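Below, each chain spelled out in residue letters.
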Amino acid sequence: MEALYHQTNKQVHEVQSYMGRLETSDKQSVHLVENEIQARIDKIFSNLERLEIFCNKEPPNKRQNAKLRVDQLKYDIQHLQTALRNFQHRRYAREQQERQREELLARTFTTNDSDTTIPIDETLQFNESLQNAHRGMDDLIGSGSSILQGLRDQRMTLKGTQKKILDVANMLGLSNTVMRLIEKRAFQDKYFMIGGMVVTCVVMFLVVQYLT
């Protein structure tokens, strides 16, 4: 498990390094970088599934620590996956705006047209509406990512709570067993004490009878 963990941790750092190359990549190579990052992320998720299986096979005294390390890797790669998707969304929106601007600039108007008025106001209004829609999508994706992360955190909290409940239940089960043993021993000691008192009384009675 240790070898796979260190390999996966190294891959996470490599993805972080690749993410820094996205902003400086040109239009021709940015798609290649995105595909490379996504392939590495998919490989890391596959390794995390194997690591979770290995965690369940760890000794009880090491299992919790192993799960915490794997959960940290999972959190890091999920954060990188969200960052990649946000970058792709921004790139798509930027490319769409550039295409629309080029189409607008490529339009030609001649003096023979019956109406030579360029609908600048309508075009600006459309462009502003489009930008507002893009900002709304960015906010929606950000909110969705926050909600998803919150659900993941709640899932981890519930897992920890479930483990604590199981530990307490096991502890209570042991305590109940010990209490039953103590009650049984106390019940036996009671009869031993009564029997000893009876024997002592009989001996004292016989001694008194013998001496008198």
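Since we're looking at a predicted model, the values are computed, not measured.

Rules of the game
Residues numbered from 1 in each chain as written. Predicted model: local features only at pLDDT ≥ 70, side-chain atom pairs only at ≥ 80, totals over all residues. Heavy atoms only, no water. Phe/Tyr/Trp six-rings, centres within 6.5 Å; stacked < 30°, edge-to-face > 60°. Lys NZ or Arg CZ within 6 Å of the ring centre and 35° of its normal. Salt bridge = Lys/Arg side-chain N within 4 Å of Asp/Glu carboxyl O. Helix = DSSP H or I, 4+ residues; strand = E, 2+ residues; numbered from the N terminus. Core = buried A, V, L, I, M, F, W, Y, C linked by side-chain atoms within 4.5 Å. Buried < 20%, exposed > 50% of the residue type's maximum accessible area, 1.4 Å probe, protein only. Contact = heavy atoms within 4.5 Å. UniProt positions renumbered as here; feature names shortened; annotations may be inferred. Expected span 1.5 Å × (residues − 1).

## Points about the packing of aromatic side chains
Line of reasoning, step 1. Applying the stated rule across the entire model yields 0 aromatic pairs.
Line of reasoning, step 2. Arg-69 extends its terminal NZ or CZ atom over the ring of Tyr-5, reaching a point 4.0 Å from the ring centre.

## Here's the deal with the pattern of salt bridges
Line of reasoning, step 1. On inspection of all chains with the given rule, the structure shows 6 salt bridges.
Line of reasoning, step 2. Residues Arg-91 and Glu-34 are paired through a salt bridge, measuring 2.8 Å at the closest nitrogen-oxygen approach. Pair noted here: Arg-91 is in helix α3 (residues 60-106) and Glu-34 is in helix α2 (residues 30-56), with a separation of 57 residues, a long-range link.
Line of reasoning, step 3. In this structure, the salt-bridge partner of Arg-91 is Glu-95, at a minimum N-O distance of 2.9 Å. Of this pair, Arg-91 and Glu-95 both sit in helix α3, 4 residues apart, which is roughly one turn of that helix.

## Things to note about the nonpolar core
Line of reasoning, step 1. Val-15, Met-19, Leu-22, Ile-37, Leu-48 and Leu-51 are the most contacted members of the largest nonpolar core, which totals 22 residues.
Line of reasoning, step 2. Sorting the residues of this core by element identifies α1 (2-22), α2 and α3 as the ones contributing at least two each.
Line of reasoning, step 3. At 8 residues, the largest contribution of residues to this core is made by α2.
Line of reasoning, step 4. Discounting chain neighbours no more than four positions away, the residues touching Leu-22 are Val-30, Val-33, Glu-34, Ile-37, Leu-84 and Phe-87.

## Let's talk about the environment of Phe-54
Line of reasoning, step 1. Counting through the fold element by element, Phe-54 comes out in helix α2.
Line of reasoning, step 2. Looking at Phe-54, the relative accessible area reads 28%, which means it is partly exposed.
Line of reasoning, step 3. Residues Phe-54 and Leu-4, 50 residues apart in the sequence, show an inter-C-alpha distance of 9.8 Å.

## Here we look at the UniProt feature "coiled-coil region" (unreviewed entry) in the chain
Line of reasoning, step 1. The sites that carry the UniProt feature "coiled-coil region" (unreviewed entry) are, in the present numbering, residues 63-90.
Line of reasoning, step 2. Helix makes up 100% of residues 63-90 and strand makes up 0%, while its end C-alpha atoms are separated by 41 Å.

## Looking at the side chain of Thr-8
Line of reasoning, step 1. Along the chain, Thr-8 falls in helix α1.
Line of reasoning, step 2. Overall, the relative accessible area of 0% leaves Thr-8 in the buried class.
Line of reasoning, step 3. When near neighbours in sequence (up to four residues on either side) are disregarded, Thr-8 contacts Ile-44, Asn-47, Leu-48, Leu-51 and Leu-73.

## What to know about the side chain of Asn-47
Line of reasoning, step 1. Note on placement: Asn-47 falls in helix α2.
Line of reasoning, step 2. The exposure class assigned to Asn-47 is buried, which follows from its relative accessible area of 1%.
Line of reasoning, step 3. Beyond its immediate stretch of four places on either side in the chain, Asn-47 contacts Leu-4, Thr-8 and Gln-11.

## Some words on α2
Line of reasoning, step 1. For α2, built from 27 residues, the straight-helix expectation of 39 Å at 1.5 Å per residue is met to within 8% by its first-to-last C-alpha distance of 40 Å.
Line of reasoning, step 2. Turning to α2, the residues buried within the fold contact α1 and α3.

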